[in-house]
Amino acid sequence: DTAVSQTPKYLVTQMGNDKSIKCEQNLGHDTMYWYKQDSKKFLKIMFSYNNKELIINETVPNRFSPKSPDKAHLNLHINSLELGDSAVYFCASSRGDSNYGYTFGSGTRLTVV
Amino acid sequence: GENVEQHPSTLSVQEGDSAVIKCTYSDSASNYFPWYKQELGKRPQLIIDIRSNVGEKKDQRIAVTLNKTAKHFSLHITETQPEDSAVYFCAARNNAGNMLTFGGGTRLMVKP
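As the structure is a prediction and not an experimental result, all values here were calculated from the model.

Novice: Sorry, what's going on with the interface of chain B and chain A here?
Specialist: Accessible area lost during the coming together of the parts is what is often quoted as the interface size. The interface of chain B with chain A comprises 20 residues on the first partner and 23 residues on the second. Viewed at the interface, chain A and chain B are joined by zero salt bridges. Taken together, the links from chain B to chain A amount to six residue pairs in polar contact (both at pLDDT 80 or more). For the side of chain B that touches chain A, the secondary structure elements donating two or more residues are β4 (30-38) and β9 (86-94) of chain B.

Novice: For this particular structure, what's the right way to read the state of the cysteines?
Specialist: Two cysteines, two sulfur atoms, one covalent bond between them: this is a disulfide. On inspection of all chains with the given rule, the structure shows two disulfides over all chains. In this model A:Cys23 forms its disulfide with A:Cys91; the gap between the sulfur atoms is 1.8 Å. One disulfide, between A:Cys23 and A:Cys91, carries an S-S torsion of -75° and so falls in the left-handed class. One end of the pair, A:Cys23, is in strand β3 (residues 19-25); the other, A:Cys91, is in strand β9 (residues 87-94), and 68 residues separate them in sequence. By the burial criterion, A:Cys23 is buried, and A:Cys91 matches it. Each sulfur of the disulfide joining B:Cys23 and B:Cys90 lies 1.9 Å from the other. Disulfide B:Cys23-B:Cys90: the torsion about the S-S bond is -100°, which places it as left-handed.

Here is what the cut-offs are and how they apply
Residues numbered from 1 in each chain as written. Chains lettered and ligands numbered in written order. Predicted model: local features only at pLDDT ≥ 70, side-chain atom pairs only at ≥ 80, totals over all residues. Heavy atoms only, no water. Contact = heavy atoms within 4.5 Å. Salt bridge = Lys/Arg side-chain N within 4 Å of Asp/Glu carboxyl O. Polar contact = N/O pair within 3.5 Å; in protein donor to acceptor, adjacent residues only side chain to side chain. Helix = DSSP H or I, 4+ residues; strand = E, 2+ residues; numbered from the N terminus. Disulfide = S-S within 2.5 Å. Buried < 20%, exposed > 50% of the residue type's maximum accessible area, 1.4 Å probe, protein only.

This is how it looks when you write it as structure tokens:
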């Protein structure tokens, strides 16, 4: 069983479109995250979310929005896609306290053309 | 907020040699320091971590050291093998938030 699963694995779309990436975890973790990994491999936090609090990295454009229907899911919705949004997006989850690492999903490679 | 610097950005070693990757962090409140390995096209995977009440931790060929005073921590890989080739990330987290801040990554190449 995959602990953190993302769909789709690959996404190619045109500029201006709206798209969503889904993420689900079956680990019973309290907190989920979205990270963006650019072409230079840098991992940048976008959002942190548990059932009480959403923390947004202030550098993330408001075209990006997380949506969590329940504790096990955190989807990423992107409006008006731009070329610079092309990257690999990783979902991750962790226990609620600070002394444990993340389990990452397999990533979604988004290409905007 | 936290800032994590990682060096070197690339590291090439001969099989059997040791590899050392170093990270510094800015927030003295950080108390958890994991290391991740990311193979080409794969997800980052946790390989070892250390908490602030410990100065060193070892797991087979991998060890991590932490110097809280100097705010730096290091990953040591001994007897490197070609399958150790990957990008390695350090990270730091504190009690105030639950987000990991990652270093910029080190691409390790182990030549047979």
